[in-house]
Amino acid sequence: MRIPFLTRFLNRGPRVSVIRLQGAIGMSGRGGGLNDAALAPLIERAFKRGKPSAVALTINSPGGSPVQSSLIAARIRRLAQETDIPVYAFVEDVAASGGYWLACAADEIWADDSSALGSIGVISAGFGFHDLIGRWGIERRVHTAGQSKSTLDPFRPEKPEDVARLHNVLEPIHGAFKDHVTARRGDRLPKGRDLFTGEFWAGREAVELGLADGIGHLVPKMKEIFGDKTRFMVHSPRRSLFRRLGLSADAVLDAADERAAFARFGAG
């Protein structure tokens with residue numbers, strides 16, 4: 001006896017929407033990396049198309065813009081609450097800095113034994129060239145309206161007041177990051193242990209420290225929770241053909257930036 005098409009359709013297993021978050025976060029204005037504007041329609045579809053039983057985030061990111069990290073994570077949380085859909089994060093090579101900010105948007109975080117997680121800190125890095133241009137007899141000429149407009153000019157000696165001003169910017173950003181992790185991980189974090197130093201850990205130690213909930217991979221873990229008939233619908237950002245083939249100068253520069261960011265964590 002043939003089973004009617006509608007019956008077969010209704011008997012299909014639970015559906016999990018998978019959002020792939022790969023790369024640096026808002027790393028450049030050249031169109032590379034992850035940013036809220038590009039991900040917004042993708043995240044909306046993942047939560048609202050096909051009535052999924054869960055949304056799974058696959059994360060492989062060394063971090064990047066704290067603002068874009070916050071915007072993306074807030075969008076995920078807002079939709080999770082509106083739709084009452086649980087969110088699971090699965091860390092691949094790296095969920096560090098902004099990448100870990102994204103992971104904390106999930107209700108549970110799962111990692112591989114060799115994943116790198118953490119790096120809960122904020123960094124501002126640059127170079128100083130004033131000695132170099134002095135040796136070459138180059139004179140730096142800068143004219144500003146506003147005494148702080150040339151703060152941290154790399155072609156002039158570093159000023160203590162500029163460094164102090166920079167820290168006044170970095171500390172509140174770090175505070176927002178810490179508040180986000182604390183709010184999302186709650187009692188799972190150990191008391192009396194400072195996890196907000198910028199340090200990062202491999203998967204199993206991250207689990208012991210409460211930064212992740214266990215060692216597990218997406219497909220087997222979702223089937224363990226929702227059953228063997230679980231189906232997966234993958235959503236990932238679209239890139240142009242030229243960017244996929246690496247045939248643009250922007251793509252080459254983005255790839256170099258991203259490789260350098262991943263290299264800090266032994267990946268990439």
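Structure: see above.
I will try to describe carefully the structure that is included in this document.

## Focus on the overall build of the chain
- Assigned secondary structure in the chain consists of 10 helices and eight strands.
- Within the span of the chain, comprising 268 residues, buried residues form 38% of the whole.
- The long-range fraction of contacts in the chain, counting pairs at least 24 apart against all pairs at least 6 apart in sequence, stands at 73%.

## As for helix α8 (residues 218-226)
- Among the residues of α8, those classed as buried are Leu218, Lys221 and Met222. With its buried residues spanning 95° around the axis, α8 presents them on a single face.
- Next to the buried residues of α8 lie β1 (15-22), β2 (54-61), β3 (87-96), β4 (108-111) and β8 (231-235).

## Thoughts on the nonpolar core
- Counting 43 residues, the largest nonpolar core has Ile43, Phe47, Leu57, Tyr100, Ile109 and Leu211 as the members making the most contacts within it.
- By size, the runner-up hydrophobic cluster in this structure holds nine residues, among which are Val16, Val18, Phe90 and Met222.

## Examining the side chain of threonine 58
- By the secondary structure assignment, threonine 58 is in strand β2.
- Exposure remark for threonine 58: the relative accessible area of 8% places this residue in the buried category.
- A polar side-chain atom of threonine 58 sits 3.3 Å from a polar atom in the side chain of arginine 20.
- Once you skip the residues sitting within four places of it in the chain, threonine 58 turns out to touch Val18, Ile19, Arg20, Leu21, Phe90, Glu92 and Leu218.

## Topic: the side chain of serine 17
- Tracing the backbone through its elements, the reader meets serine 17 in strand β1.
- With near-sequence residues (within four places) excluded, serine 17 lies in contact with Ala46, Pro52, Ala54, Val55, Ala56, Met233 and His235.

## With respect to the pairing of β2
- Across the eight residues that make up β2, a large majority, eight, are buried.
- Of the two faces of β2, the one holding Ala54, Ala56, Thr58 and Asn60 and the one holding Val55, Leu57, Ile59 and Ser61 are both buried throughout.
- Across seven bridges, the pairing between β1 and β2 is parallel. Each residue of the ladder has a partner; that of leucine 21, found in β2, is isoleucine 59.
- Crossover β2 to β3 through helix α3 (residues 66-83) is right-handed.

Criteria and thresholds
- Residues numbered from 1 in each chain as written.
- Predicted model: local features only at pLDDT ≥ 70, side-chain atom pairs only at ≥ 80, totals over all residues.
- Heavy atoms only, no water.
- Helix = DSSP H or I, 4+ residues; strand = E, 2+ residues; numbered from the N terminus.
- Buried < 20%, exposed > 50% of the residue type's maximum accessible area, 1.4 Å probe, protein only.
- Contact = heavy atoms within 4.5 Å.
- Arc of directions from axis to C-beta.
- Core = buried A, V, L, I, M, F, W, Y, C linked by side-chain atoms within 4.5 Å.
- Polar contact = N/O pair within 3.5 Å; in protein donor to acceptor, adjacent residues only side chain to side chain.
- Pairing = 2+ DSSP bridges.
- Right-handed = clockwise from strand over helix to strand, strands pointing away.

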